[in-house]
Amino acid sequence: MFESLSNRLSSVFDRLRGRGALSETDVLEAMREVRLALLEADVALPVVKDFVTKVRERAVGVEVLRSVSPGQQVIKIVNDVLIEQLGGEGAVPLNINVPAPVPVLMVGLQGSGKTTTAGKIALMLRTKERKRVLLASLDTQRPAAQLQLAQLAERAEVSSLPIVQGQTPVQIAVRAMDAGRREGFDIVILDTAGRLSIDEELMDEVKAIRAATNPAETLLVVDAMTGQDAVNTARAFNEAVGVTGIVMTRMDGDARGGAALSMRAITGAPIKLTGSGEKLDAMEAFHPERVAGRILG
Ligand code: GDP
């Protein structure tokens, strides 16, 4: 991911660096190329416009152009604006510092990697935070989904809620929270059913589960490979049910990176974690400054 964007930007920056003095026209010309590179990387148009405007406003000032190394200064401004657009300095941690058992709700479309991510988060919390985690599948649509989560729990060496047929998603959620309280779990991860597309029924189901469990986190899982669709999905989910964080999966694929770059600006929700493979340990915190570093080389 980001390779082609990174290559395009580095050729723009090499040219900027190569010059001793820079005119306003040089900066504008470079910004035109940055704009094209971002559009080609599938970054949403309003985000591209905003990005270029911010860089231009800060870069065209007299101090920058008359400085000793103007090219370097412009590149630093691009880096700063990129970090801002990715969400600011530092990773945004999961909000799990509330009284146990902490409900964490996983939402997302089918195939986004939601169930796998539930398993990854369980493993991360068990190994890195020493938490006792209970995984519960609220997917009553696909019986296989409940089994899949139980198997993931086994691989992550955490508990899973026993499967009881005939319960509604809300009933399972309430049972999971009861078990969490009774059995002294720190975290209860509630994995909701995915759908092929966003529909009212799905949103109503998520709302009902939220009302019944009051989750500390509502994590939306989106597939980076779906580009701007991932951003549109996130916006729709956020408007309908409120999302506290985004997990972007398949960062190991050859997606152009636009979704990661547009997500914060378009949805307002932070990307908290990224998935980078099928294995349960293939998940990382999202550090905007590191991502900017990868893009700018
Ligand atoms: P769900 O329908 O949203 O619950 O999706 P699943 O968790 O069942 O994942 C669908 C497929 O995507 C599975 O084969 C996962 O192994 C795979 N997957 C999930 N996350 C990642 C990721 O970050 N990278 C890659 N390459 N594959 C992933």
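Residues numbered from 1 in each chain as written. Predicted model: local features only at pLDDT ≥ 70, side-chain atom pairs only at ≥ 80, totals over all residues. Heavy atoms only, no water.

An unreviewed UniProt entry annotates the protein chain as Signal recognition particle protein of Acidisoma cellulosilyticum. Database annotation for the protein chain, UniProt heading Catalytic activity (unreviewed entry): "GTP + H2O = GDP + phosphate + H(+)". Under Subunit (unreviewed entry), UniProt gives the following word-for-word description of the protein chain: "Part of the signal recognition particle protein translocation system, which is composed of SRP and FtsY. SRP is a ribonucleoprotein composed of Ffh and a 4.5S RNA molecule." (UniProt positions renumbered as here; feature names shortened; annotations may be inferred.)

Engineer: Please provide a residue-by-residue account of the sheet that holds strand β8 (residues 283-285), values included.
Structural biologist: Pairing in this open sheet of eight strands is mixed, and the strands run β3-β2-β4-β1-β5-β6-β7-β8 from one edge to the other. A strand with exactly one partner marks an edge of an open sheet, and here the two such strands are β3 (159-160) and β8. Here strand β7 (residues 271-275) runs beside β8; their pairing, made up of three bridges, is antiparallel. Looking at β8, one finds that Leu273 is bridged to Ala285. (Pairing = 2+ DSSP bridges. Helix = DSSP H or I, 4+ residues; strand = E, 2+ residues; numbered from the N terminus.)

Engineer: Quick rundown of the nonpolar core? Include the residues and the values.
Structural biologist: Ranked by internal contacts, the top residues of the largest apolar core, which has 76 residues, are Phe13, Phe51, Phe237, Ile246, Met248, Met263 and Ile295. Sorting elements by how many residues they give to this core places helix α5 (residues 70-86) first, with eight residues. Discounting residues that sit within four places of it in the chain, Met263 has contacts with Val222, Ala230, Val231, Ala234, Ile246, Met248, Gly268, Ala269 and Ile271. In terms of nonpolar packing, the next biggest core, distinct from the first, is built from 27 residues, Ala122, Val158, Ile187 and Val221 among them. (Core = buried A, V, L, I, M, F, W, Y, C linked by side-chain atoms within 4.5 Å. Buried < 20%, exposed > 50% of the residue type's maximum accessible area, 1.4 Å probe, protein only. Contact = heavy atoms within 4.5 Å.)

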